[in-house]
Amino acid sequence: MSTKQEKIEKLLEMQRRFIALDRERGVNMDEYFVPDEDSDLHNYRQDYMEHAMDVVKLAHEEKGSKN
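The structure reproduced in this document is the subject of the present report. Just so you know, these numbers come straight off a predicted model, no measurement behind them.

## Some remarks on the overall build of the chain
Move 1: Looking only at helices and strands, the chain features three helices and zero strands.
Move 2: Secondary structure elements of the chain occur, N-terminal to C-terminal, as α-α-α.
Move 3: Here the chain has a C-alpha radius of gyration of 14 Å; the compact-globule value for 67 residues is 11 Å, and the former is much larger.
Move 4: Considering only C-alpha atoms, the chain reaches an extent of 45 × 20 × 20 Å along its principal axes.
Move 5: Burial analysis of the chain (67 residues in total) assigns 16% to the buried set.
Move 6: Long-range pairs, those at least 24 residues apart, make up 50% of the contacts in the chain with a sequence separation of at least 6.
Move 7: Accessible area of the chain: about 5,400 Å², with a carbon and sulfur share of 49%.
Move 8: Each charge class in the chain can be summarised by its mean position, and for the 11 positive and 16 negative side chains these summaries are 9 Å apart.

## Regarding the pattern of salt bridges
Move 1: Under the criterion given, the structure shown has five salt bridges.
Move 2: The residue lysine 4 makes a salt bridge to glutamate 62 at a minimum N-O spacing of 3.1 Å. Taken together, the positions of lysine 4 in helix α1 (residues 4–25) and glutamate 62 in helix α3 (residues 44–63) put the pair 58 residues apart, joining distant regions of the chain.
Move 3: Given a relative accessible area of 55%, glutamate 62 falls into the exposed group.
Move 4: Shared partners join several salt bridges into a network, and the residues in it are Arg25, Glu31 and Asp40.

## Some details on a nonpolar patch on the surface
Move 1: A cluster of nonpolar side chains, namely Met29, Phe33 and Val34, defines an oily patch on the protein surface of about 350 Å² accessible area.
Move 2: Examined against the element boundaries, methionine 29 turns out to sit in helix α2 (residues 29–33).
Move 3: Overall, methionine 29 belongs to the exposed group, its relative accessible area being 63%.

## Focus on unusual backbone geometry
Move 1: Its identity as a non-glycine residue notwithstanding, asparagine 43 has a phi of 70°, on the positive side.
Move 2: Looking at where asparagine 43 falls in the secondary structure, it is placed in the loop between α2 and α3.
Move 3: Taking the relative accessible area as the measure of exposure, asparagine 43 reaches 41% and is therefore partly exposed.

The rules behind each value
Residues numbered from 1 in each chain as written. Predicted model: local features only at pLDDT ≥ 70, side-chain atom pairs only at ≥ 80, totals over all residues. Heavy atoms only, no water. Helix = DSSP H or I, 4+ residues; strand = E, 2+ residues; numbered from the N terminus. Rg over C-alpha atoms; globule rule 2.2 N^0.38 Å. Buried < 20%, exposed > 50% of the residue type's maximum accessible area, 1.4 Å probe, protein only. Contact = heavy atoms within 4.5 Å. Areas by Shrake-Rupley, 256 points an atom, 1.4 Å probe, with all protein chains shown as cover. Lys, Arg positive; Asp, Glu negative; His and termini not counted. Charge placed at Lys NZ, Arg CZ, Asp CG, Glu CD. Salt bridge = Lys/Arg side-chain N within 4 Å of Asp/Glu carboxyl O. Patch = residues over 30% accessible without salt bridge, like charges linked within 9 Å, V, L, I, M, F, W, Y side chains within 5 Å.

Rendered as C-alpha coordinates:
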(Lines give C-alpha, C1' and ligand atoms only; values in the text may rest on other atoms or scores of the structure.)
Protein backbone atom coordinates (compact mmCIF):
# COMPACT_ATOMS: atom_id res chain seq x y z
CA MET A 1 0.00 0.00 0.00
CA SER A 2 1.21 3.48 -0.82
CA THR A 3 1.85 6.03 1.85
CA LYS A 4 -0.28 9.15 2.15
CA GLN A 5 2.54 11.26 0.72
CA GLU A 6 2.94 8.93 -2.28
CA LYS A 7 -0.79 9.18 -2.96
CA ILE A 8 -0.67 12.97 -2.71
CA GLU A 9 2.25 13.04 -5.15
CA LYS A 10 0.25 10.78 -7.51
CA LEU A 11 -2.68 13.23 -7.33
CA LEU A 12 -0.38 16.16 -8.09
CA GLU A 13 1.15 14.29 -11.04
CA MET A 14 -2.33 13.52 -12.38
CA GLN A 15 -3.21 17.22 -12.07
CA ARG A 16 -0.02 18.25 -13.88
CA ARG A 17 -0.76 15.82 -16.74
CA PHE A 18 -4.34 17.08 -17.00
CA ILE A 19 -3.25 20.72 -17.07
CA ALA A 20 -0.60 19.97 -19.70
CA LEU A 21 -3.15 18.14 -21.84
CA ASP A 22 -5.62 21.00 -21.50
CA ARG A 23 -3.00 23.59 -22.43
CA GLU A 24 -1.72 21.50 -25.32
CA ARG A 25 -5.02 20.80 -27.06
CA GLY A 26 -7.87 21.68 -24.73
CA VAL A 27 -10.29 19.35 -23.00
CA ASN A 28 -14.00 19.52 -23.75
CA MET A 29 -16.72 18.51 -21.32
CA ASP A 30 -17.61 15.31 -23.18
CA GLU A 31 -14.01 14.10 -23.09
CA TYR A 32 -13.78 14.89 -19.38
CA PHE A 33 -17.10 13.40 -18.25
CA VAL A 34 -17.59 10.56 -20.78
CA PRO A 35 -14.22 9.87 -22.42
CA ASP A 36 -13.73 7.19 -25.04
CA GLU A 37 -11.67 4.16 -24.04
CA ASP A 38 -8.74 5.41 -26.14
CA SER A 39 -8.85 8.89 -24.58
CA ASP A 40 -6.02 10.18 -22.40
CA LEU A 41 -8.72 10.85 -19.81
CA HIS A 42 -10.24 7.37 -19.78
CA ASN A 43 -10.82 6.51 -16.08
CA TYR A 44 -9.15 9.78 -15.03
CA ARG A 45 -12.01 10.99 -12.83
CA GLN A 46 -12.50 7.59 -11.21
CA ASP A 47 -8.78 7.09 -10.56
CA TYR A 48 -8.41 10.62 -9.19
CA MET A 49 -11.39 10.19 -6.86
CA GLU A 50 -10.10 6.85 -5.57
CA HIS A 51 -6.67 8.30 -4.79
CA ALA A 52 -8.22 11.36 -3.15
CA MET A 53 -10.50 9.24 -0.97
CA ASP A 54 -7.52 7.07 0.02
CA VAL A 55 -5.72 10.22 1.18
CA VAL A 56 -8.78 11.27 3.20
CA LYS A 57 -9.01 7.81 4.78
CA LEU A 58 -5.30 7.80 5.66
CA ALA A 59 -5.55 11.30 7.14
CA HIS A 60 -8.48 10.21 9.32
CA GLU A 61 -6.53 7.14 10.46
CA GLU A 62 -3.53 9.33 11.32
CA LYS A 63 -5.64 11.60 13.48
CA GLY A 64 -7.78 8.85 14.92
CA SER A 65 -10.95 10.48 13.68
CA LYS A 66 -13.89 8.86 11.94
CA ASN A 67 -14.70 9.57 8.31
